[in-house]
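Here are the chains, one letter per residue:
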Amino acid sequence: MIPARFDYVAPTSVADALSALAEAGDDAKVMAGGQSLLPILRMRLNAPETVVDLGRIEELRGVRDEGDHVVIGAMTTYADVLASDLVRQHAGVLTDAIEEVADPQIRHRGTVGGALVHADPAGDVGAPVLALDAELVVTGPGGERTVPAAEFFRDLFETAVGEGELLTAIRIPKHTGWGSRYEKFVRVAHQWSIVAVAATVRVEGGAIAEARIGLTNMGSTPLRATAVEQALVGKAATEDAVREACAAAAEGTNPPSDLNGDADYRKHLATVLTRRAVLAAAGA
Amino acid sequence: MTAVEDRPKTEIGAARKRKEDQRLITGRTKWTDNIQLPGMRHLAMVRSPFAHATITGIDTSAAKSSPGVLAVLTGEDVKDIQGGMANAWPITEDQKAPVHPAIAVDHVAFAGEIVAVVVARSAAAARDAAELVDVDYDELPPVLDLKEAAKDAVLAHPSLGTNKSAFWQFDSAGAGTGGPVDEAIEKARADGIVIEREYRQQRLIPAFMEPRSVVCDPTGEQLTIWTATQVPHFVRIFTALVLGIPESKIRVIAPDVGGGFGGKLQHTPEEVIAVLAARHTGKPVKYTETRSESLLSGHHGRDQWQKLTLAATKDGTVTGLKVDLLADMGAYLGLVTSGIPVLGAFMFNAIYKFPAYQFNCTNLFTNKTWTDAYRGAGRPEATYAIERLMDELAAEVGVDPLEIREKNWIKHEEFPFTTVAGMTYDSGNYEAATARARELFDYDGLRREQQERRDRKDPVQLGLGVSTFTEMCGLAPSRVLGALRYAAGGWEHATVRMLPTGKVEVVTGTSPHGQGHETVWSQIIADKLGVPFEDVEVLHGDTQIANRGLDTYGSRSLVVGGQALVMAADRVIEKAKPHAAHLLEASVDDIEFSGGQFKVKGTDKGKAMAEVVWAAFSSHDLPEGLEPTLDADATYDPVDFSFPHGTHLCAMEVDTETGQVSMRKYVCVDDIGNIMNPLIVEGQVHGGLVQGIAQALWEEAVYDDQGTLVSGSFVDYTLPTAADTISFVTDNTVSPSTTNDLGAKGVGEAGCIASTPAVVNAVVDALRPMGINDIQMPCTPERVWKAIRSAGSDQADATTGDAQPHFDAGAPNQAPPDPSSSASAEGADQ
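Reading the values: the criteria
Residues numbered from 1 in each chain as written. Chains lettered and ligands numbered in written order. Predicted model: local features only at pLDDT ≥ 70, side-chain atom pairs only at ≥ 80, totals over all residues. Helix = DSSP H or I, 4+ residues; strand = E, 2+ residues; numbered from the N terminus. Rg over C-alpha atoms; globule rule 2.2 N^0.38 Å. Contact = placed C-beta atoms within 7 Å. Buried ≥ 20, exposed ≤ 12 C-beta atoms within 10 Å, placed from the backbone. Pairing = 2+ DSSP bridges. Axes fitted to C-alpha atoms, helices over the stretch in contact; angles between N-to-C directions. Parallel < 35°, antiparallel > 145°, perpendicular 65-115°, else oblique. Nonpolar A, V, L, I, M, F, W, Y, C, P; charged D, E, K, R; others polar. Domains from an automatic or database assignment. Expected span 1.5 Å × (residues − 1). Bend = angle between axes of the 7 residues up to and from the residue. Arc of directions from axis to C-beta. pLDDT = per-residue confidence, 0-100.

Thoughts on the overall build of chain B
Step number 1: Check the secondary structure of chain B and you find 23 helices and 28 strands.
Step number 2: Relative to the 2.2 N^0.38 estimate, which gives 28 Å for 830 residues, the radius of gyration of chain B is 28 Å and therefore close to what a compact globule would have.
Step number 3: In terms of its C-alpha atoms, chain B occupies a principal-axis envelope of roughly 90 × 75 × 60 Å.
Step number 4: Intrachain contacts of chain B at a sequence separation of at least 6 include 80% that bridge at least 24 residues.

Next up, the structure:
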């Protein structure tokens, strides 16, 4: 498993990374944790001329509190996010999802930003980021811009991050006090999600006041189940009420068919898992 | 030696930690890929992306001019010297097999077949150049489905004229071991029960931890081959036979080897190519496969359709069993490919007293990777079929699955028992193992819970599965192998060398690759010769050191190789007695040996083994006729197979909403005779269980309709990890074997053979009230859910579609990457 030859640049600042990207032109790949890129290179499915490794850029690592937002540096590893009380407390569904990512080795290498830009629809961080209404901070030669999560995922392996740009941070509005659950359905523990559902809900007086639901691997991008979210508002956090509201979870989705299940099966799973995730998030 | 007090009374039976583990676990050892030789060159293989094609031309010019490249060899270049890969088990006189060149010359018959090899200064340069070899193919239609292959409409090898390699039959009426099966079935149709089922043994991949690797050094008088193999002695013999090199000029070394599971019971094209490349360049060469290459082109396992007819009386007494198999050989016959289904032929009757039995097997070629040994080899298939059928019979009769088994099994007082397949089981006690397993499992309590869940229509249903298995291992009596037309014998060899300083070297012809032979062989010698466990060194795997041997597979090492070791140790003692008698000035007849001391009977006069060894070494004062050595060796040909058995009970929870199945409890009580080291036995059983459970639930090698291996990486070949399993409850009953001095039976494959049907029986048991009587393996959630959804209708829902479009879409060595669809390859990975 030896990749084709490439030039390797390891800048130590975002500014240097951007100029390295500009210099390398359109045949450069950005490497974060390398957990998806390295297999691609080693299997020679891609052979970029230059790899720009963000691994030494300290300013892109870490979780910080910015008032009503939790901000996660794009190069923060899964393991570091898991260890963050800030994220656990204010964006619990992201913690829940990351607990289910692959295995400990990958969680210590892989980064949240890398996973988001790789945009594998079966990856586990897209749906919670979408459900939490996060904003993605994209930095390019012209400076910073902020993209709402709903506009970030464009297609299979395609995001709003353009050529010569970097995802630098994920800004998550605090969902303090919201219950959360990531229901991941797999055959073996280290597998990509066959289907997964990220649910976070705010319960008031036994009824669901607000709900946010993201779906993993139900289409070419992570999806938001907005119809279900609306149907849940005001519903009692009971099995029957939630079941009815979640029945439409798969509507309008276009999930893949593969060895783990065909599209119809995935649609069925999505409704079951959404109900379970919502009930668990609501503490029912 | 203050530690002496802490020693176990006997080493045999002690739960010794494995002496080899530190180096194996840390990796600070001699794995083949760790070997670096001066001037060593590296190989990269060019493999066919097509399942079936004619090679119309190969342009190697760009590869040859790539930096660091010494040579590029194609099949055309070596066709006169590469010979053909060997099949050591022609099961019938008229068995058909295509010529199997190490490098394809003008025809490729599976995706992954080697069409050229690059020799370069570095592995990277070799890989780079391999990408530049330009092969022109004319695609031919592939035959991929086993049942289609049987029709001979599309041929895997047009030059063969048929896909049928061989037909092999065992018939109890013909063999005189039982009655005619068709009569039994006919009678059962009239006034009894006939169970007819068709089961699929899916194709599996032996995913050993260490990918295969080979180093060949052509410098010096002997050609030296280091290879990650289970069978260094076979590699030596077949290198000689295939390439026409005198056997005496070949030294094969299997250094530490990281697992095999049958997958390294092979003489591989890569091993032949390494020799060809080394001789061509005059340089040492190394080839280490990638995991993708391993999954693609290391031999696969299982892959059968089993058509089964079980006849019984109305009360559930089995009167006959008929088995019709289609067995997928894949594209070629490997070392023992053709004999694998035959190893199951004697096991479909399992622990039961069937009066009539017939086994029919058709071996077929397809355009897939060739199959061969995989943990259990033939016996898991047989055990699965019969243990599934016994559950079906119990359901039909309306009794508990344990009750139907008891009605039919051999009673403990009936041993030794000759079965309808002609095997003589030496010892066993199915009642005792079952009683213990029942108790550990809380069988009755779980049955009650099952009923409660059914009554309250719980979305999570509970199923209990039974597997009361036996198997034949300890391969094998040479006379039986001869009768089965196998090329080699089944003996094993051991040497015990008494070193002057009191240490002992044991040389074994078995070839461990993770089993723990060094520990157990040391335990046996410590007890036999009265030397400390630590003083025993076990040597293996080098044909210049362990010059005689038939290697490790088929749970044979202890029961065959261990017995050879016991015999060699006994010979050391017998050889030492006259030496001791001389030193003690006594008659040989008065010398007795125990606890490491030679003593004169009835006196306190004695000499320690070490003293006798030193005297023989110095040999200053040997009487005439005594040789100055105590070393001894022995070759042992087993008198019979080994027949371990056990009762495995499995509880599975089935989530009827999603089809997800999860294991609740697993209990097994195995009877493997006397136990040398309970810790190693437990490890073997745990590992075997997981591998068998993996067949039931997770693993399957899937090809698309072009013959591309879709499950070509661990993304899609869902190998379980510890995170997917539960803690097993294991225990043993002991019915010592009567066919070897250790009283031991093989345990290497037991767990893997027993567990698969226990799991599937449990899944089916959970769903049986819905009218479901089968779920095809692996029992994926989708298959379970679809079975539930279509329960009551005949609609069969197969798993369809391609693998997840992750980074293995269009992986190398598979279909050529399609730039328009390999979106994953384009994806930025920030």
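Observations regarding the overall build of chain A
Step number 1: Helix and strand content of chain A: 12 helices and 14 strands.
Step number 2: Taken over the C-alpha trace, chain A has a radius of gyration of 19 Å; the compact-globule value for 284 residues is 19 Å, and the two agree within 12%.
Step number 3: Judged by the C-alpha coordinates and their principal axes, chain A covers about 60 × 45 × 30 Å.
Step number 4: In chain A, buried positions account for 56% of the 284 residues.
Step number 5: Expressed as a percentage of contacts within chain A between residues at least 6 apart in sequence, the contacts between residues at least 24 apart total 64%.

Let's talk about the sheet that holds strand β5 (residues 114-120) of chain B
All names here are of chain B.
Step number 1: Here 7 strands make up an open sheet; going across it, the order is β3-β5-β1-β12-β9-β10-β11 and the pairing mixed. Because the sheet does not close on itself, it has two edges, and the strands there are β3 (69-74) and β11 (250-253). Taking the axes of each pair of neighbouring strands and ignoring which way they run, one obtains an average angle of 20° across the sheet.
Step number 2: Inspection of the sheet shows strand β1 (residues 41-47) paired to strand β12 (residues 285-288) by 2 bridges, in the parallel sense. Looking at the pairing, His42 lines up with Lys286 of β12.
Step number 3: Strands in contact with helix α4 (residues 123-130) are β1, β3 and β5; relative to β1, the strand with the most contacts, it is inclined by about 25°.

Some points on the packing of helix α12 (residues 379-397) of chain B against helix α13 (residues 401-408) of chain B
All names here are of chain B.
Step number 1: Where α12 contacts α13, the two axes come as close as 8 Å, and the packing angle between them is 105°. If you check the angle between α12 and α13, you find them roughly perpendicular. Only Pro401, Glu403, Ile404 and Arg405 of α13 make contact with α12, whose side of the interface consists of Met390, Asp391, Leu393, Ala394 and Val397.
Step number 2: Residue classes in the contact of α12 with α13 are distributed as 6 nonpolar, no polar and 3 charged.

Here's the deal with the domain arrangement of chain A
Residue and element names in this part refer to chain A.
Step number 1: Splitting chain A by domain gives domain 1 (7-53), domain 2 (61-173) and domain 3 (179-281).
Step number 2: Using only C-alpha atoms to locate each centre, domain 2 and domain 3 end up separated by 20 Å.
Step number 3: Contacts between the two partners involve 21 residues from domain 2, matched on the other side by 22 residues from domain 3.
Step number 4: Secondary-structure elements contributing two or more residues to the side of domain 2 that touches domain 3 are α5 (92-99), α8 (126-131) and β8 (153-155).
Step number 5: Of all the elements, α8 adds the most residues to the side of domain 2 that touches domain 3, at 5 residues.
Step number 6: Across the side of domain 2 that touches domain 3, the residue classes tally to 14 nonpolar, 2 polar and 5 charged.

Describing the domain arrangement of chain B
Residue and element names in this part refer to chain B.
Step number 1: Per the domain assignment, the segments making up chain B are domain 1 (39-140 + 207-297), domain 2 (165-205 + 299-475 + 640-789), domain 3 (491-636) and domain 4 (800-830).
Step number 2: Its C-alpha centre places domain 1 at a distance of 36 Å from the equivalent point of domain 2.
Step number 3: Counting from both sides, the interface comprises 31 residues of domain 1 and, opposite them, 35 residues of domain 2.
Step number 4: Ranked by residues supplied to the side of domain 1 that touches domain 2, first place goes to helix α10 (residues 291-297) with 4 residues.

Some points on helix α18 (residues 557-584) of chain B
All names here are of chain B.
Step number 1: For α18, which comprises 28 residues, the first-to-last C-alpha distance of 38 Å matches the rise-based estimate of 40 Å (1.5 Å per residue) to within 8%.
Step number 2: In α18, a bend of some 30° at Lys577 exceeds every other bend along the element, and Pro578, a proline, comes one to four places later.
Step number 3: At the exit of α18 stands Glu585, carrying a positive phi of roughly 50°.

Describing helix α1 (residues 14-24) of chain A
All names here are of chain A.
Step number 1: Turning to α1, its buried residues are Ala17, Leu18, Leu21 and Ala24. Summarising the axial view, the buried residues of α1 lie within an arc of 130°, below the 170-degree limit, and thus occupy one face.
Step number 2: Along its buried surface, α1 packs onto β2 (28-31), β3 (50-53), β6 (135-140) and β10 (166-173).
Step number 3: Just downstream of α1 lies Gly25, where phi reads positive at about 75°.

Examining the sheet that holds strand β11 (residues 179-185) of chain A
Strand-to-strand pairing in sheets goes through backbone hydrogen bonds, with the strands running parallel or antiparallel.
Residues and elements named next belong to chain A.
Step number 1: The antiparallel open sheet is built from 4 strands, whose spatial order is β11-β12-β13-β14. The strands lining the two open edges of the sheet, one partner per strand, are β11 and β14 (223-224).
Step number 2: Relative to strand β12 (residues 195-204), β11 runs antiparallel, the two sharing 7 bridges. For Ser180, the partnering residue across the bridge sits in β12 and is Thr200.
Step number 3: Relative to β12, helix α12 (residues 263-281) is tilted by about 30°, and along the sheet it contacts β11, β12 and β13 (207-216).

Section: the environment of Phe157 of chain A
Residue and element names in this part refer to chain A.
Step number 1: Here Phe157 lies in the loop between β8 and β9 (158-159).
Step number 2: Accessibility expressed as a C-beta count within 10 Å gives 24 for Phe157, which makes it buried.
Step number 3: Measuring from C-alpha to C-alpha, the distance between Phe157 and Glu23 comes to 24 Å, with 134 residues separating the pair along the chain.

Observations concerning the pairing of strand β5 (residues 69-73) of chain A
Residues and elements named next belong to chain A.
Step number 1: For β5, a buried count of 4 out of 5 residues is recorded, marking the element as mostly surrounded by other parts of the structure.
Step number 2: Relative to β5, strand β4 (residues 63-66) runs antiparallel, the two being bridged by 4 bridges. Looking across to β5, one finds that Asp65 is bridged to Val70.
Step number 3: Hairpin connection from β4 to β5: 2 residues lie between these consecutive antiparallel strands, with Gly67 at a positive phi of about 65°.
Step number 4: In this sheet, β10 lies alongside β5 in antiparallel orientation, the contact comprising 5 bridges. Its bridge partner lying in β10, Val70 is registered against Ile172.

Focus: the environment of Val137 of chain A
Residue and element names in this part refer to chain A.
Step number 1: Relative to the helices and strands, Val137 is located in strand β6.
Step number 2: Note on Val137: 19 C-beta atoms within 10 Å, which makes it partly exposed.
Step number 3: Taking C-alpha positions, Val137 is 5.6 Å from Thr168, a pair spaced 31 residues apart along the chain.
Step number 4: Among all residues touching Val137, those that are not within four sequence positions of it are Glu144, Thr146, Thr168, Ala169 and Arg171.

Remarks on the environment of Asp33 of chain B
All names here are of chain B.
Step number 1: Along the chain, Asp33 falls in the loop between α1 (21-26) and β1.
Step number 2: Overall, the presence of 21 C-beta atoms within 10 Å leaves Asp33 in the buried class.
Step number 3: In this structure, the C-alpha to C-alpha distance between Asp33 and Asp570, residues 537 residues apart in sequence, is 39 Å.
Step number 4: Not counting the four nearest positions on each side in its chain, Asp33 is found in contact with Ser213 and Thr288.

Things to note about the confidence of the model for chain B
Step number 1: When pLDDT is averaged across chain B, the result is 94; 94% of the residues are at 70 or more.
Step number 2: Model confidence for the complex: the whole-complex pTM is 0.95, and ipTM, which rates the interface, is 0.96.

Concerning unusual backbone geometry
Residues and elements named next belong to chain B.
Step number 1: Here Phe415 and Pro416 are connected by a cis peptide whose omega angle stands at -10°.
Step number 2: Tracing the sequence through the fold places Pro416 in the loop between α13 and β16 (417-418).
Step number 3: Residue Pro778 follows Met777 across a cis peptide bond; omega there is -10°.
Step number 4: In the Ramachandran plot, Asp303 falls in the positive-phi region, its phi being about 75° despite a non-glycine side chain.
Step number 5: Within the secondary structure layout, Asp303 lies in strand β13 (residues 301-312).

Description of the pairing of strand β22 (residues 591-594) of chain B
All names here are of chain B.
Step number 1: What you see with β22 is a clean split: Ile591 and Phe593 sit on the buried side and Glu592 and Ser594 on the side with no burial.
Step number 2: In this sheet, strand β23 (residues 597-600) lies alongside β22 in antiparallel orientation, the contact comprising 4 bridges. Following the sheet pairing, Phe593 is matched in β23 by Phe598.

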